[in-house]
4 protein chains.
Amino acid sequence: MVVKKVGILGATGTVGQRFITLLDEHPEFEIAVLGASARSSGKKYEDAARWKQSKAMPEKVAKMIVSECDPKLFSECSIVFSGLDAEFAGEIEKNFRAANIPVLSNAKNYRRDPVVPLIVPTVNTEHFDVVKKQQEQLGLQRGFIVTNSNCSTAGVVVPLKAMQDAFGPIEKVTVTTMQAISGAGYPGVSSLDILDNVVPFIGGEEEKIEWEVRKILGSTNEDLSGFKLTDTVVSAQCNRVPVLDGHTSCVAVKFAGKAPSVEEIKKALVNYRCEANKLGCFSAPKQPIHVFDEKNPDRPQPRLDREAERGYAVSVGRIRPDSIFDIKFVSLVHNTVLGAAGAGILNAEVAVKKGLI
Amino acid sequence: MVVKKVGILGATGTVGQRFITLLDEHPEFEIAVLGASARSSGKKYEDAARWKQSKAMPEKVAKMIVSECDPKLFSECSIVFSGLDAEFAGEIEKNFRAANIPVLSNAKNYRRDPVVPLIVPTVNTEHFDVVKKQQEQLGLQRGFIVTNSNCSTAGVVVPLKAMQDAFGPIEKVTVTTMQAISGAGYPGVSSLDILDNVVPFIGGEEEKIEWEVRKILGSTNEDLSGFKLTDTVVSAQCNRVPVLDGHTSCVAVKFAGKAPSVEEIKKALVNYRCEANKLGCFSAPKQPIHVFDEKNPDRPQPRLDREAERGYAVSVGRIRPDSIFDIKFVSLVHNTVLGAAGAGILNAEVAVKKGLI
Amino acid sequence: MVVKKVGILGATGTVGQRFITLLDEHPEFEIAVLGASARSSGKKYEDAARWKQSKAMPEKVAKMIVSECDPKLFSECSIVFSGLDAEFAGEIEKNFRAANIPVLSNAKNYRRDPVVPLIVPTVNTEHFDVVKKQQEQLGLQRGFIVTNSNCSTAGVVVPLKAMQDAFGPIEKVTVTTMQAISGAGYPGVSSLDILDNVVPFIGGEEEKIEWEVRKILGSTNEDLSGFKLTDTVVSAQCNRVPVLDGHTSCVAVKFAGKAPSVEEIKKALVNYRCEANKLGCFSAPKQPIHVFDEKNPDRPQPRLDREAERGYAVSVGRIRPDSIFDIKFVSLVHNTVLGAAGAGILNAEVAVKKGLI
Amino acid sequence: MVVKKVGILGATGTVGQRFITLLDEHPEFEIAVLGASARSSGKKYEDAARWKQSKAMPEKVAKMIVSECDPKLFSECSIVFSGLDAEFAGEIEKNFRAANIPVLSNAKNYRRDPVVPLIVPTVNTEHFDVVKKQQEQLGLQRGFIVTNSNCSTAGVVVPLKAMQDAFGPIEKVTVTTMQAISGAGYPGVSSLDILDNVVPFIGGEEEKIEWEVRKILGSTNEDLSGFKLTDTVVSAQCNRVPVLDGHTSCVAVKFAGKAPSVEEIKKALVNYRCEANKLGCFSAPKQPIHVFDEKNPDRPQPRLDREAERGYAVSVGRIRPDSIFDIKFVSLVHNTVLGAAGAGILNAEVAVKKGLI
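Residues numbered from 1 in each chain as written. Chains lettered and ligands numbered in written order. Predicted model: local features only at pLDDT ≥ 70, side-chain atom pairs only at ≥ 80, totals over all residues. Heavy atoms only, no water.

K.L.:
Any chance you could explain the interface of chain C and chain D here in plain terms?
P.N.:
A common measure of how large an interface is: the accessible area buried when the components associate. Each partner contributes residues to the interface: chain C has 49 residues there, and chain D has 49 residues. Sorting the residues of chain C by area buried against chain D places Asp196(C), Gln237(C) and Ile324(C) first, and these three jointly supply 18% of that buried surface. Inspection of the region where chain C meets chain D yields 8 salt bridges. In this structure, Asp196(C) engages Arg306(D) in a salt bridge whose closest nitrogen and oxygen atoms are separated by 2.8 Å. At the junction of chain C and chain D, the tally comes to 27 residue pairs in polar contact (both at pLDDT 80 or more). Elements with a minimum of two residues in the side of chain C that touches chain D: β7 (170–179), α7 (191–194), α8 (205–216), β10 (233–240), β11 (247–255), α11 (302–305), β13 (314–321) and β14 (327–333) of chain C. Its residues assigned to classes, the side of chain C that touches chain D comprises 26 nonpolar, 9 polar and 14 charged. (Contact = heavy atoms within 4.5 Å. Buried area = accessible area lost by both parts, 1.4 Å probe. Salt bridge = Lys/Arg side-chain N within 4 Å of Asp/Glu carboxyl O. Polar contact = N/O pair within 3.5 Å; in protein donor to acceptor, adjacent residues only side chain to side chain. Helix = DSSP H or I, 4+ residues; strand = E, 2+ residues; numbered from the N terminus. Nonpolar A, V, L, I, M, F, W, Y, C, P; charged D, E, K, R; others polar.)

Right under this line is the structure:
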C-alpha cells in the first residue's frame with residue numbers, strides 16, 4: 001500500500017486539530033503540509049495552535065512549520081482536508097481544486113453546489129459519481145471538491161438512510177437537537193452562556209439540517225450530472241447544551257408507505273452496512289449504527305457512547321411508536337468525527353478505493 | 001386580611017424546601033406545621049433537612065420541630081401543601097382530606113382521579129368547580145385534594161392554553177424537553193450521569209405530559225361532575241440536561257382550524273391573562289407569558305429567564321412557522337415554582353378567593 | 001435624603017451590568033448616565049449590551065442612550081462607577097477626576113498609586129482619609145479616584161482583617177483560590193476550556209492578591225499622606241473552576257504572636273463589624289462575615305452561599321488548626337458584588353457619609 | 001509469557017469497572033472471576049453492573065456470571081484486585097489472603113497496617129520487601145495484601161518522591177486539591193451538590209493525604225520488618241469540583257536542606273524513572289512525570305492531561321519559587337488509574353517481576 005501525503009487547511013482550528021488526531025496513526029495517509037492563516041504561517045505548529053484535544057499533540061506535527069493556504073505549497077499532497085471557516089473556504093478551496101488537488105471539505109460553502117457531492121461516508125458514497133461531471137465542467141484531471149455534511153445532519157441521516165433503504169421513502173421528519181459546544185469551534189461558546197444553561201438557537205443550523213438531509217438521502221441523476229433531492233419534509237429545532245462532544249437528537253419519522261414495526265426498524269438498523277464497509281475502508285465502522293434496546297432505555301448518552309467505533313458509528317436508542325408520526329427515537333453522533341473531520345477522512349478513503357484520488 | 005396557617009407535607013424534600021422559601025414572606029399564609037417521615041419527625045427542621053436552596057433557610061423554620069404526617073397534628077392548618085413522594089402521597093393525602101383539611105398536592109397520585117382537579121394556576125382554575133362534586137361524593141365539608149401538574153407539563157400547557165383560547169382547538173403537539181436536575185429531587189441525578197452529558201430518558205415523564213395536557217386544556221362537564229379531555233394528540237420526548245433549574249421545551253403545534261400567523265400568536269401570548277390575575281392573587285404573574293421576539297433569537301434560556309415574575313411566568317421565544325405543523329416555538333418554565341411548589345401556592349390563593357378554603 | 005445622580009463607565013460589560021442591577025433599586029443613587037465605548041455610544045442600552053444577568057434588565061435602563069466616556073457628558077453626576085477594562089481605565093478615570101467627578105473604580109490601574117486608596121468597604125474605609133492628600137496634590141475640590149480590590153482579594157482580606165484586629169499582625173498567609181468564570185468578563189472563558197475542567201492559572205491574579213492584601217490590611221501614614229503596607233507575606237495559587245459566581249479560597253494563616261484557638265477565631269469573625277455598619281450604610285451587610293461551624297462541615301459553597309446578605313458578606317467555614325501554620329479555613333466571596341461592583345457602591349455610600357461626595 | 005488469571009472484588013463498582021477496562025487488553029492478566037455482593041452474584045455482569053465508563057463494556061466480561069466474594073470461587077486466580085468499599089474490604093481481603101491469594105487492594109482498611117505495604121507503583125515498589133514479613137507472621141506461602149494509596153495522595157507523592165530523591169528530605173508540604181467526582185463512586189456526588197459549585201470538604205481525605213505521604217516516602221526498616229515514616233509535615237485542604245476524572249493539586253514544598261532552583265527541579269522531574277520502568281513492566285509510564293514549562297503556563301488541566309501515558313503518568317506544571325516555602329507547583333493525576341485501579345495493576349506487574357506472584 002502506498003501511503004499518500006495529505007494537507008490540512010485550517011489546521012490550527014478545532015476541526016483541523018481533530019483531523020490531526022485522526023490522521024496521526026492512519027496507515028494510508030501521512031500529514032505533509034499544515035495550512036493556516038497568515039497569522040500562523042511560518043510558526044511551528046505547537047506555537048501556532050491552541051491545542052484543545054484530550055489526546056496529546058503528535059510530536060511530529062508539533063515541530064512542523066505552518067504554511068499559508070496556497071496550493072503551490074501543497075504540491076506534494078494527493079489530498080487536502082479542509083477545516084476552514086466558511087469566510088475563507090470558498091476562495092481557498094476553489095484554488096486548490098483548480099490546482100488539481102482533491103479537496104475534502106468540512107465547510108458549508110459548496111454543499112449546495114449542483115455538481116459538488118455532499119457525502120456522509122456511511123450513507124451516500126455513490127454520490128462520488130458526480131465528481132466526473134464536476135471535473136468535466138471545469139476541465140480538471142484530478143481536482144474536485146467533495147463536502148461532508150453539517151455535524152448535526154450526520155447524526156440524523158445515517159439511521160434515516162437505513163430506514164429508507166428498508167422501508168421506502170420518508171415523508172416527514174422532526175428533529176430536535178442537543179448539540180455539543182465543540183461544534184462551535186474555539187473559543188466558540190462562552191462559558192457564561194452555557195454553564196447551567198441551554199441556548200435554544202444555533203444560527204443557520206436548522207436550515208442546514210432541513211436541506212442537507214434531502215440531498216444526502218437523494219439520488220444522482222441518471223446521467224450523473226447532479227442530484228435529485230428527496231421530497232422528505234424535515235423540521236429541525238436546534239439547541240446548544242453543556243456537553244463537550246456528541247450531538248444528541250430526538251427524531252420522529254413518518255414513512256410515505258406502510259409503517260414498519262419497532263422490531264423491523266431495529267433489525268434494519270442493526271443490519272445496515274454501507275459501501276465503505278464493502279470497500280474495506282480502514283476507518284469504516286464495522287457496524288455503522290449501534291442500537292440500544294429496552295434493556296438500556298436511557299441510552300445513547302453523549303458521554304458514554306460518542307466514542308463508539310472511534311466516533312464513526314451513530315448510536316440509536318429508544319425506538320418506539322409515535323402517536324403522531326410512525327416512530328420516534330434518539331440518535332447520537334460524534335460531531336467532530338463522523339460529523340466533521342472523520343467524515344472527510346473516510347470520504348477520502350472511499351475516493352481512493354474508487355480511483356478518484 | 002386574615003393570615004391562614006398552613007402545613008407542608010414532605011417538608012424536608014426538594015419540593016418541600018421550595019414551598020418553604022416561597023411561603024417565607026407570603027402575606028396570607030403562615031407556615032405552622034412541617035410534616036415529614038418518621039425518620040425526621042421530632043427533630044428541628046435544620047437538623048432534619050439537607051437544605052439545597054440558594055436562599056438561606058428562614059430562621060423561624062430552622063427551629064421548628066418536624067411532625068409526622070398525621071392530620072391530627074395539623075388541626076390548626078387551613079391548608080396543607082404536599083411535596084410528598086408518590087410512594088407515600090396516596091395514603092397520607094387521603095387521610096388529610098378525610099380530616100377535612102384541603103390538600104394542594106404536587107404528587108402524581110390523584111391527577112387522573114375523575115373528581116380531582118389537575119390545575120396549573122395560570123391556566124385552568126375553573127376546574128376548581130369540580131371540588132364540590134368531590135366533597136359531595138365523600139361527604140366532606142371542607143376537605144378536598146387538588147393537584148398541580150407535572151413540572152414539564154406546566155411549561156407547555158400555559159402557551160397552549162393562550163393559543164387554544166385565541167385560535168380554537170389544537171389538533172397535534174410535539175414536545176421535546178430539556179429538563180433540569182432539580183426536577184429529580186435530592187440526591188436525585190448522580191453527577192456522574194449528567195456532567196458533560198444528556199440523559200434522553202425520564203421514567204414516566206412522557207406519558208404524564210401526553211395525558212395531563214389533555215385534562216388541563218379540557219373543560220368541566222356541564223354538571224360539574226368531572227372533566228372532558230381535549231382530543232389533542234401529544235407526543236413527548238424527554239431529556240435530562242446539566243441545568244439546575246428550568247425546563248426548556250421545543251414545541252410544535254397544529255391547530256384544528258386555520259393556522260394563525262406568527263404575529264397573531266405573539267399577540268395572543270402577550271395579552272393572555274388568567275383568572276388568578278383577575279382575582280388579584282398575590283403570587284399571580286402580571287403577565288403569565290413573557291414573549292421574546294426576533295431581537296432575542298436565542299431566548300428563553302434557563303439561566304437568564306427562569307426567575308421571570310419570581311418563577312410564576314412561562315417564557316416563550318422563537319415563535320416561527322413550521323413546515324410540518326403550523327408553528328414551532330421554545331418554552332421555559334421554572335420547574336420547582338410554576339412546575340411544582342409555586343403552582344400549589346397560587347392554586348391555594350385562588351381557592352381562598354373562591355371561598356373553598 | 002437627597003438622591004444623587006450617578007454614572008457608570010463601562011456600562012455594557014459584566015461589571016457594568018452588575019452595577020446596574022445593584023443600583024436599580026438603590027434608595028440613594030440614581031443612574032443618570034451610562035458610558036461605554038464609541039462602538040456602543042448613541043445606541044439604546046438594550047441594543048448595546050449583551051445582558052447576561054439572571055435578573056432582568058431594568059426597563060428604565062433599557063431605553064437609556066449610551067454615552068461616550070467623556071466627563072462633559074456626565075456633568076450631572078455626583079459619582080461615577082467604573083467597570084472599565086484596564087486598557088482604557090487609566091486615561092478615562094484620570095479625566096473624570098480632573099473634571100472633579102469622584103471615581104469609584106473597579107479597574108486595577110490606580111490600585112498601587114501612593115495616594116489612591118484601595119478599599120474593601122467592609123475592611124479599611126479609614127483609608128478614605130488619604131483622599132484629601134490626593135486632591136491637594138492635584139489641586140482638586142471634589143474629584144478623586146478610589147479603587148476597590150481585585151475580586152479574589154476581597155474574599156481573603158475580610159476574615160484576615162477581623163483576625164488582625166483581634167489577634168494582632170499576621171505573619172504569613174497561603175491562599176489557593178477556585179474562581180468563578182464571571183470574574184473573567186464576557187465572553188471571557190471559553191466553554192471548551194472550563195467544562196469538565198480546572199484551569200490552574202489566571203494571569204496576574206496571584207500577584208494582585210499577594211500585594212493588595214498588604215495595602216488593605218495596612219494603615220495610613222500618620223500625616224495621611226499615604227499608606228504603610230503590612231509585613232504579611234502572602235503566597236497565592238489561583239485556579240479557574242466551572243462555577244458561575246463566587247470565588248472560594250482555601251486559606252492558612254500564621255500569626256506573628258500567639259495563635260488564638262479555633263473558638264476565639266470563630267468568635268472574632270462572628271462579632272466583626274465594620275465602619276460601614278456604624279455609619280448605617282444602606283448596602284452594608286449586617287454581619288460582614290458569616291461563619292459555618294462543625295454542623296456544616298461542607299460549607300461555604302458558592303451555589304448555596306454566594307448570595308449571603310445580597311453578596312456583601314463573606315462566608316467562612318471549616319476553621320481548624322493547621323499543622324504548619326496556625327489555622328486554616330475556607331472563605332467565599334461573591335466576586336461581582338463584594339469583589340467588584342458592590343464594593344464600589346458601598347465605598348460610595350461610605351464616602352457620602354464621610355462628606356467626601 | 002504465561003498469562004495469569006485474575007479476579008476482581010467489587011467488580012460492579014466504579015473502581016471495579018476501571019479494573020475491567022484496564023485489564024481488558026492486558027497481555028499478562030486475564031479476568032477469570034468477577035466478585036461482587038450477594039445482590040449481584042448469580043447475574044450476568046451486564047445485568048449486575050451500571051456501566052459508567054466511556055469505553056464500552058468488553059463483550060466477554062458482559063456475559064460472565066458474577067460470583068460472591070468467597071475465596072473458594074477464585075481458586076484459579078493468581079491475583080485478586082480489590083475495589084471493595086471499606087465497609088466490606090477488611091473481612092473479605094483477609095479471607096483471600098488467608099486462602100493464599102495475593103490481594104492488590106484499593107481499599108483504605110490495611111493501609112496503616114505495619115506489615116502491609118502502601119505502594120504507589122511509580123514511587124516505592126521497594127516496599128514490597130516487607131511482604132515476606134507479612135507472610136511469615138501469618139504463616140502464608142503466597143497470600144499477602146498490598147494496598148495502593150488514596151487517589152489524591154498519588155498525584156502529590158510522585159513529584160515529591162522525585163524531589164526527595166534529588167534534593168533530600170522534605171520538611172513541609174501544603175496541598176490544596178480539586179478532586180473529580182469519579183473519586184466518590186456511583187451514584188456518589190449528587191448533581192445538585194456539584195453543578196455550578198465547589199464542595200470544600202471530603203470526609204477523611206485530608207487525613208489520608210497527610211499520613212499516607214509519609215509512609216510512601218518513607219523507607220523500609222533495615223530488617224524489612226516494617227516501615228519508617230518520614231518526618232515530613234503535610235497539611236491538606238480538599239475540595240470537590242465539577243470534573244469527571246482527574247485530581248488537580250496546588251502544592252508548596254519546603255526542603256529540609258538547601259532549596260534547589262526551579263530549573264533543577266524541572267530536570268529532576270523530567271529525568272525521574274522508577275523501578276517499574278527498570279523492570280520493564282507493561283503498564284509503566286515511559287516518563288512517570290510529565291512537565292509543562294513556561295510556554296504552557298495554564299497546564300496541567302484535567303480534561304487535557306489526565307490521559308497522559310494512559311493515566312499512569314502524573315503531570316506537573318507551574319513550577320515556580322514560593323515566598324513562604326521553597327517552591328510551588330500544580331500536579332494532576334488520573335484518580336481512577338494511577339490513583340486507584342491502575343495502581344493495583346501496575347503493582348501486580350511489579351510483584352510478578354519480583355517473583356512474589
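K.L.:
Would you take a moment to explain unusual backbone geometry for this structure?
P.N.:
Leaving glycine aside, a negative phi is the common case for residues, and trans is the common case for peptide bonds. A cis amide bond, omega 5°, links Arg299(B) with the succeeding residue Pro300(B). Mapped onto the elements of the fold, Pro300(B) is located in the loop between β12 (289–291) and α11 (302–305). Cis geometry marks the peptide bond from Tyr186(C) to Pro187(C); its omega dihedral reads 0°. Phi at Asn100(C) is positive, roughly 65°, even though this residue is not glycine.

K.L.:
Teacher, can you tell me more about the interface of chain A and chain B here?
P.N.:
Counting from both sides, the interface comprises 49 residues of chain A and, opposite them, 49 residues of chain B. Among the residues of chain A in contact with chain B, Asp196(A), Gln237(A) and Ile324(A) are the three that bury the most area, contributing 18% of the side total. At the junction of chain A and chain B, the tally comes to 8 salt bridges. Scanning the region where chain A abuts chain B turns up 27 residue pairs in polar contact (both at pLDDT 80 or more). Among the elements that take part in the side of chain A that touches chain B, strand β10 (residues 233–240) of chain A stands out by supplying 7 residues, more than any other. Residue classes in the side of chain A that touches chain B are distributed as 26 nonpolar, 9 polar and 14 charged.

K.L.:
I keep staring at the packing of helix α1 (residues 14–23) of chain C against helix α12 (residues 337–353) of chain C and nothing clicks. Help me out?
P.N.:
Between two packed helices, what matters for the description is the angle formed by their axes and the separation of those axes. Residues and elements named next belong to chain C. At their nearest, the axes of α1 and α12 sit 9 Å apart, and the two run at 55° to each other. One way to sum up the angle between α1 and α12 is to call them oblique. Where α1 crosses over α12, the two elements pack in a sense that is right-handed. Here α1 contributes Val15, Arg18, Phe19, Leu22 and Leu23 to the contact with α12, which in turn contributes Val337, Ala340, Ala341, Gly342, Gly344 and Ile345. Of the residues in the contact of α1 with α12, the class split is 8 nonpolar, 2 polar and 1 charged. (Axes fitted to C-alpha atoms, helices over the stretch in contact; angles between N-to-C directions. Parallel < 35°, antiparallel > 145°, perpendicular 65-115°, else oblique. Left-handed = near helix turned anticlockwise from the far one by under 90°.)

K.L.:
Mind showing me how you'd approach the domain arrangement of chain A here?
P.N.:
All names here are of chain A. Examined at the domain level, chain A breaks down into domain 1 (4–150 + 341–353) and domain 2 (151–333). Centre-to-centre, using C-alpha coordinates, domain 1 lies 24 Å away from domain 2. Contacts between the two partners involve 36 residues from domain 1, matched on the other side by 39 residues from domain 2. Regarding the contact of domain 1 and domain 2, the summed buried area is about 3,100 Å², with carbon and sulfur atoms giving 61% of it. (Domains from an automatic or database assignment.)

K.L.:
Looking at this model, I keep getting lost on the relation of the copies chain C and chain D. Mind explaining?
P.N.:
Both copies of the chain are related by one operation, a rotation about an axis with a shift along it. Expressed as a screw operation, the relation of chain C to chain D combines 0.0 Å of axial shift with a rotation of 180°, fitting to an RMSD of 0.0 Å. The two molecules are tied by a two-fold rotation axis, judged by turn and shift. By residue overlap, the copies meet face to face through one surface: 100% of the interface positions of chain C are interface positions in chain D. (Least-squares fit on C-alpha atoms with pLDDT ≥ 70 in both.)

K.L.:
Could you clarify how one ought to interpret the relation of the copies chain A and chain B in this entry?
P.N.:
For the pair chain A and chain B, the superposition axis carries a translation of 0.0 Å, the fit reaches an RMSD of 0.0 Å, and the rotation angle comes to 180°. Looking at the interface residues of chain A, 100% of them are also at the interface in chain B, so both copies use one shared face.

K.L.:
Looking at this structure, how should I read the packing of aromatic side chains?
P.N.:
How two aromatic rings sit relative to each other is set out by the distance from centre to centre and by the angle between their planes. Using the criterion set out here, one finds 22 aromatic pairs over all chains in the structure. Both rings, one in Phe325(A) and one in Phe325(B), keep their centres 5.9 Å apart while their planes meet at 40°; by these two values the pair is tilted. Of this pair, Phe325(A) sits in the loop between β13 (314–321) and β14 (327–333) while Phe325(B) sits in the loop between β13 (314–321) and β14 (327–333), each in a different chain. For the pair Phe325(A) and Phe325(B), a shared accessibility class is recorded, and that class is buried. One aromatic cluster in this structure is built from Phe19(A), Phe29(A) and Phe81(A). Its end group placed over the ring of Tyr110(A), Arg97(A) keeps NZ or CZ at 5.7 Å from the ring centre. (Phe/Tyr/Trp six-rings, centres within 6.5 Å; stacked < 30°, edge-to-face > 60°. Buried < 20%, exposed > 50% of the residue type's maximum accessible area, 1.4 Å probe, protein only. Lys NZ or Arg CZ within 6 Å of the ring centre and 35° of its normal.)

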